[in-house]
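Summary of the model geometry
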2 protein chains.
Amino acid sequence: MRITIVGSGNVATHISAALKNAGHRIVQVYSRNLHNAALLAYHVGAEATDDLNALTINTDLFIISVKDDAVVPTIAQLAKYGKLIAHTSGAVELLPMLQFTQQAGVFYPLQTFSKTKELNFREVPMCIEGVSEAITKTLEDLARDISNKVYRISSQQRKVLHLAAVFACNFTNHLYGVGEGLLKDSGMSFDMLRPLIAETADKIKERSPFKVQTGPAVRNDETTMAAHLQLLEQQPHLQDVYKMLSQDIIKNHNEVNGDR
Amino acid sequence: MRITIVGSGNVATHISAALKNAGHRIVQVYSRNLHNAALLAYHVGAEATDDLNALTINTDLFIISVKDDAVVPTIAQLAKYGKLIAHTSGAVELLPMLQFTQQAGVFYPLQTFSKTKELNFREVPMCIEGVSEAITKTLEDLARDISNKVYRISSQQRKVLHLAAVFACNFTNHLYGVGEGLLKDSGMSFDMLRPLIAETADKIKERSPFKVQTGPAVRNDETTMAAHLQLLEQQPHLQDVYKMLSQDIIKNHNEVNGDR
């Protein structure tokens, strides 16, 4: 397919590279910032532009990878080209696209991307939705060219996926950072914690998280929890996080046991 | 060394296997539950016992790997053998051991263990503390036989490490489970989230977590956060976790930016 990429951020960068590597042609890369457009365009052999009103019509698909708030306004501007338009957002529903175009779909990669970190796109779950079976099929086929994990996902499910991703990715990354901060304050390196983080993530590759929960909360080890809260005396809001998550673990553990 | 293992749980299982594989001899495995002692003893070619008062004196070191609350009472019972005693707990200080013995040390592996999951012990950070330089050195040498990552860590630092591990391992695992629950409730499989979890952990292998934070909170994307809280309407206590961690991420991001 001939594909126009609208956006030049982390998602746009990884998706356009994956599509190009799969043999598709990226014809243009748009960004408000021409320098950013040019950088990405160079890597995928495309033309760069910062003018949304002068895009080439010599394309089959616009992939919109801009900030969530900008997705629908961007679609409003692209509809006049009469081409298939898909966005890559976890948070934006299909419905609001339909005010502007009937050639609408979603091409959402459920992954965390950084421009400077390579990853194997074939392992990225691609969540597809289309306004019609034909559009769904087109986007699904395109997704299969770049990933082994292609799912048909409704707007409602996609919102839940995105929410679950916030818990499992954004919040966990924040907790890694809290760990790093605690170690630094006591003169220790985050390197000490890295093997534990790797193993914690590795454990659930074939297991259910609640079945491999460890630590003082799940053992209801009150002495250790009290000692930890004492250590956090100077950081009352880390104390609050500690209490809340520990209570959740205890509650959850009791419910799971009660169900047996 | 000839080593007696006191305990038969996850830590005792992995440490005794690593020590045996490094050429040390496990002479006895003690557990209150003789069946559990026998299971582990069988795997490491040791004798099993459930009698703490009739252990062999033909040993150089007792490694105590029992529940945190039981560590000091167990040391009280073992002191009479006049051998070196080390415990494997993140939470128990060296000081209370000294009421009972002067041959005291700590041999703490900073990792999450499951009996049924293999791991590369050479990557497990070993945190060593001893009452004297000689004891510290003995335990350090032993640790080097099984791990490439050996650290001298004080009791105070070890408590902080353990606390940081609760944030970076136990709490993150709980959040994985929250993600799984949200997906299940909407008819989706946890498999969809597994690549994201793997990548989130992979990202910080060479990066600092706060520098790679992604998601709606760090972007201060209020629309998406409001939509997520709406989705959690029926689970008010997940709403509380969402709000608290999002506020922490925003606060932290502002502080980091303020420092620049």
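Check the entry above for the structure.
Residues numbered from 1 in each chain as written. Chains lettered and ligands numbered in written order. Predicted model: local features only at pLDDT ≥ 70, side-chain atom pairs only at ≥ 80, totals over all residues. Heavy atoms only, no water.

Moving on, we get to the overall build of chain A. Within chain A, the regular secondary structure consists of eight helices and eight strands. Projected onto the principal axes, the alpha-carbon positions of chain A cover approximately 70 × 45 × 30 Å. Buried residues in chain A amount to 56% of all 260 residues. The long-range share in chain A, meaning contacts at least 24 apart out of those at least 6 apart in sequence, stands at 51%. By element, 48% of the accessible surface of chain A is carried by carbon and sulfur atoms, the whole surface being about 11,000 Å². Measuring between centres, the 26 positive side-chain charges of chain A sit 5 Å from its 27 negative side-chain charges. (Helix = DSSP H or I, 4+ residues; strand = E, 2+ residues; numbered from the N terminus. Buried < 20%, exposed > 50% of the residue type's maximum accessible area, 1.4 Å probe, protein only. Contact = heavy atoms within 4.5 Å. Areas by Shrake-Rupley, 256 points an atom, 1.4 Å probe, with all protein chains shown as cover. Lys, Arg positive; Asp, Glu negative; His and termini not counted. Charge placed at Lys NZ, Arg CZ, Asp CG, Glu CD.)

A word on the sheet that holds strand β8 (residues 150-152) of chain A. Residues and elements named next belong to chain A. The eight strands lie next to each other as β3-β2-β1-β4-β5-β6-β7-β8, forming an open sheet whose pairing is mixed. Pairing within the sheet leaves two strands with one partner each, and these edge strands are β3 (47-49) and β8. Taken over all neighbouring pairs, the strand axes of this sheet differ in orientation by 25° on average, direction set aside. The pairing of strand β2 (residues 25-30) with β3 spans three bridges and is parallel. What sits directly across from V29, in β3, is A48. In this fold helix α2 (residues 34-44) packs onto β2 and β3, with an angle of close to 165° to the strand it touches most, β3. (Pairing = 2+ DSSP bridges. Axes fitted to C-alpha atoms, helices over the stretch in contact; angles between N-to-C directions.)

The next subject is helix α7 (residues 222-231) of chain B. Residue and element names in this part refer to chain B. Every buried residue of α7 is accounted for by T224, M225 and H228. Viewed end-on, α7 has its buried residues packed into an arc of 100°, placing them on one side of the element. In α7, the exposed positions angled more than 90 degrees off the buried face are occupied by E222, T223 and Q230. (Arc of directions from axis to C-beta.)

The subject of this paragraph is the relation of the copies chain B and chain A. Note on the chain copies: they are related by a rotation about an axis and a translation along it. Of the two same-sequence chains, chain B is brought onto chain A (RMSD 0.0 Å, axial shift 0.0 Å) by a rotation of 180°. The relationship between the two copies is best expressed as a two-fold rotation axis. Proximity to the rotation axis, assessed at the C-alpha, singles out B:T172 in chain B; its C-alpha lies 2.5 Å from the axis. Of the residues that chain B buries at the interface, 100% are likewise interface residues in chain A, meaning the two copies contact each other through the same surface. (Least-squares fit on C-alpha atoms with pLDDT ≥ 70 in both.)

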